[in-house]
Amino acid sequence: MRKAARAWHGYDKCGRRAYSLPQFLEEKAMRYWWVNHNQTFKAESTGGFIWAPLLTSNDRRKVTWDNLKLVSKGDMVFSYAHQHICAVGLATAAPKPSGRPQFEAPGAQNWNIEGTYVSIAWAPLETRFSPSKAIAQIRTLLPTSNSPIRAEDGHGNQSCYLASISKEFATKLLQLIERTDPSAGSLLIDAVEGRAEDKAEEEIRRAPLSETTKRQLVLARLGHGQFRTDVLKRGHFTCRVTGVTGAGLLTASHIKPWRVADNDERLDPHNGLLLSPHVDRLFDRGLVSFAADGSVMLANEAASIAWRAWGLDDDLRISAMSKREALFMEYHRDQLFKR
C-alpha cells in the first residue's frame, strides 16, 4: 500500500467530534420550534410533516397554529409526544396550504379541513429524552408565552401545538439529548440528506428524459447500475484504500454527492471512488478525504481512531487521480470534509 508524507488531523471548528448536534444547529438551522403532537405523532413522524388547521371549530385562530406559516426551510423542530422528545427534524420546504391529512386521532375528522403543511425530515431518537427530568436545567429558558411545557413540572402543554423557542433553549436541549443518544446528530444528517435525495429523484422522474436515462440516474443514487459498472472497471475492481478486490465487496461512492451533482456528474465514473464499505462510510460523511497528492486527510480524533482500528496507516496515499477526478475531490475537500 502506498504511503504519503503525513496525514492531516483536526477537529471540527467547535472542537467537538463530527456531527455534534449543537454544531449542526450552529451551521444549519435558522429558527427553532417545538411541536406538541401526541394525537398526530404517528402520522406526522412517519409521514415527514407537521400540520395544523387554519381555524378552530368556532372559526378562531390560534397563535401556535399560525406559527406554521412562519417556519422556513432549514428550521429545526423538536418533536414532543408522550412526555418525551422523540425526534429532531429540519424543515425541508416552505409552508404550504394543505387539506387535512388522514389522521387516525380521535376527533380529527371534526378539525377544519383547511390547514398549513410543513415538510420535515425527522431523525427519530433511539433513546427518547424526558424534559420533565431536566426541568431544573431548562426552566429559565422556556418561552414566557405559549410555552410548550409547564415550568413547574416539565409536562406538556397540549393547548400549544407549535412553539417558537430560543436558540439558547434549542442548544441546551441538543446538549441534553446527545448525552442520552450520541447517535442523534448522525441520524439527523442522514434524514436531511435522504430527504434531499428523495426530492432530487422526484425531479428526475418528472424530467423530459428517456426512461433508460431516468433509470440509470436513479440507480446511481445508491451506486448501482451503469455508474457502478463503469466505476468498477475504471477502478480495476479494487478498493483505492484497502486494496481489497471483488465487486461484491466494494461500494461505488460518489465523490461529489449524488444529491448535489447534476445529471452528467451523477453518471460520470470520474466522480466515483471504489471503496470498502467501512471506508466509504467515513468518506461519505466527510470524515475522510484525500489531498491533491492522494494523501489521506482525517477530520478528527474519532475518525483517526476508527482508521487505525481498521489497520490503516495515517500516511496512506491513494493512486494518482485523473484531472476530472481531482476536480471532484477538490469539491469534496472544500464542501464536505469536516476540517
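Below: a short report on this structure. In this text, all values refer to a predicted model and were calculated from it rather than measured experimentally.

## Let's talk about the overall build of the protein
Consideration 1: For the protein, the count of helices and strands is twelve helices and eleven strands.
Consideration 2: Residue pairs in contact within the protein that sit at least 24 positions apart in sequence constitute 70% of those at least 6 positions apart.
Consideration 3: Carbon together with sulfur atoms contributes 51% to the accessible area of the protein, which is approximately 16200 Å² in total.

## Description of the pairing of strand 1 (residues 32–36)
Consideration 1: In terms of burial, strand 1 is largely enclosed, as five of its five residues are buried.
Consideration 2: Relative to strand 3 (residues 76–81), strand 1 runs parallel, the two being bridged by five bridges. The residue of strand 3 that forms the bridge with Tyr32 is Met76.
Consideration 3: For strand 1 and strand 7 (residues 162–165), the ladder comprises four bridges, and the chain directions are antiparallel. Bridge pairing in strand 7 links Trp33 to Ser164.

## Regarding the pattern of salt bridges
Consideration 1: Applying the stated criterion across every chain yields a total of 15 salt bridges.
Consideration 2: Residue Glu211 is joined to Lys214 by a salt bridge in which the shortest nitrogen-to-oxygen separation is 3.6 Å. Note that Glu211 and Lys214 are positioned in helix 7 (residues 211–220) at a spacing of three residues, about one turn of the helix.
Consideration 3: What makes Lys214 buried here is its relative accessible area of 12%.
Consideration 4: Salt bridges here are not isolated pairs; linked through shared partners, they connect Glu197, Glu201, Arg205 and Arg221.

Reading the values: rules and limits
Residues numbered from 1 in each chain as written. Predicted model: local features only at pLDDT ≥ 70, side-chain atom pairs only at ≥ 80, totals over all residues. Heavy atoms only, no water. Helix = DSSP H or I, 4+ residues; strand = E, 2+ residues; numbered from the N terminus. Contact = heavy atoms within 4.5 Å. Areas by Shrake-Rupley, 256 points an atom, 1.4 Å probe, with all protein chains shown as cover. Buried < 20%, exposed > 50% of the residue type's maximum accessible area, 1.4 Å probe, protein only. Pairing = 2+ DSSP bridges. Salt bridge = Lys/Arg side-chain N within 4 Å of Asp/Glu carboxyl O.

These results come straight from atomic positions and should not be treated as a statement about function.
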